Amino acid sequence: MAGMSLAAPGLSPLDVLNAKTPTMANLSDASKAKAKTASQDFEAVFLNSMFQQMFTGIQGDGPFGGNGATGVWRSFLTDEYAKSFAKSGGIGIADQVYKTLIAQQEARS
């Protein structure tokens, strides 16, 4: 995730981290919903990467036995795990990304 910038133009990263909860008065419900969806999707991508690492090198019997389709089915499994975790609260990344997205939108308003 190198090279990723979370701060809005005109705000330093410390401004975003130290900001109180934005008022969100000028933001529409659609904007808030879009920011929430984007933040959950971001967390799901991160979690998917972590879950893929969890399964690296696992071989064996069962539904994921060592045949050629193992990688495909594991990718589906890790993707669903990640979406499920992110949707049910995740590990806190989505909350922080949501706050940052809202702060960026407020700064531009």
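Just above, that's the structure.
Residues numbered from 1 in each chain as written. Predicted model: local features only at pLDDT ≥ 70, side-chain atom pairs only at ≥ 80, totals over all residues. Heavy atoms only, no water.

Participant: Quick rundown of the overall build of the chain? Include the residues and the values.
Facilitator: Scanning the chain for helices and strands turns up 4 helices and 0 strands. Taken from N to C terminus, the helices and strands of the chain fall in the order α-α-α-α. Going through the 109 residues of the chain one by one, you find that 23% of them count as buried. Put simply, 83% of the contacts in the chain that link residues at least 6 apart link residues at least 24 apart. Of the roughly 7500 Å² that the chain leaves accessible, carbon and sulfur atoms contribute 59%. (Helix = DSSP H or I, 4+ residues; strand = E, 2+ residues; numbered from the N terminus. Buried < 20%, exposed > 50% of the residue type's maximum accessible area, 1.4 Å probe, protein only. Contact = heavy atoms within 4.5 Å. Areas by Shrake-Rupley, 256 points an atom, 1.4 Å probe, with all protein chains shown as cover.)

Participant: Describe the nonpolar core, and please don't skip the residues or the numbers.
Facilitator: Counting residues in each nonpolar core, the largest one holds 5 residues, listed as A44, L47, F51, A82 and A86. Broken down by secondary-structure element, the contributors of at least two residues to this core are α2 (29–55) and α3 (70–87). If sequence neighbours within four positions are ignored, F51 has contacts with T78, Y81, A82 and F85. (Core = buried A, V, L, I, M, F, W, Y, C linked by side-chain atoms within 4.5 Å.)

Participant: Break down helix α4 (residues 93–108) for me, with residues and values.
Facilitator: The end-to-end C-alpha separation of α4 is 23 Å, in line with the 22 Å expected for 16 residues at 1.5 Å each. Turning to α4, its buried residues are A94, V97, T100, I102, A103, Q104 and E106. (Expected span 1.5 Å × (residues − 1).)

Participant: Could you give me a rundown of the packing of aromatic side chains, with the residues and numbers involved?
Facilitator: Overall, the coordinates contain 2 aromatic pairs when judged by the stated rule. Here the aromatic rings of F51 and Y81 are separated by 5.9 Å at their centres, their planes lie at 75°, and the arrangement is edge-to-face. With F51 in helix α2 and Y81 in helix α3, this residue pair connects regions lying 30 residues apart in the sequence. According to the relative accessible area criterion, F51 is buried, its value standing at 9%. On the basis of relative accessible area, Y81 is assigned to the partly exposed category, the value being 35%. Between F51 and F85, the ring centres sit 5.1 Å apart and the planes meet at 70°, which makes this aromatic pair edge-to-face. Within this pair, whereas F51 is found in helix α2, its partner F85 is found in helix α3, the two being separated by 34 residues in sequence. An aromatic cluster of at least three residues, connected via ring pairs, comprises F51, Y81 and F85. (Phe/Tyr/Trp six-rings, centres within 6.5 Å; stacked < 30°, edge-to-face > 60°.)

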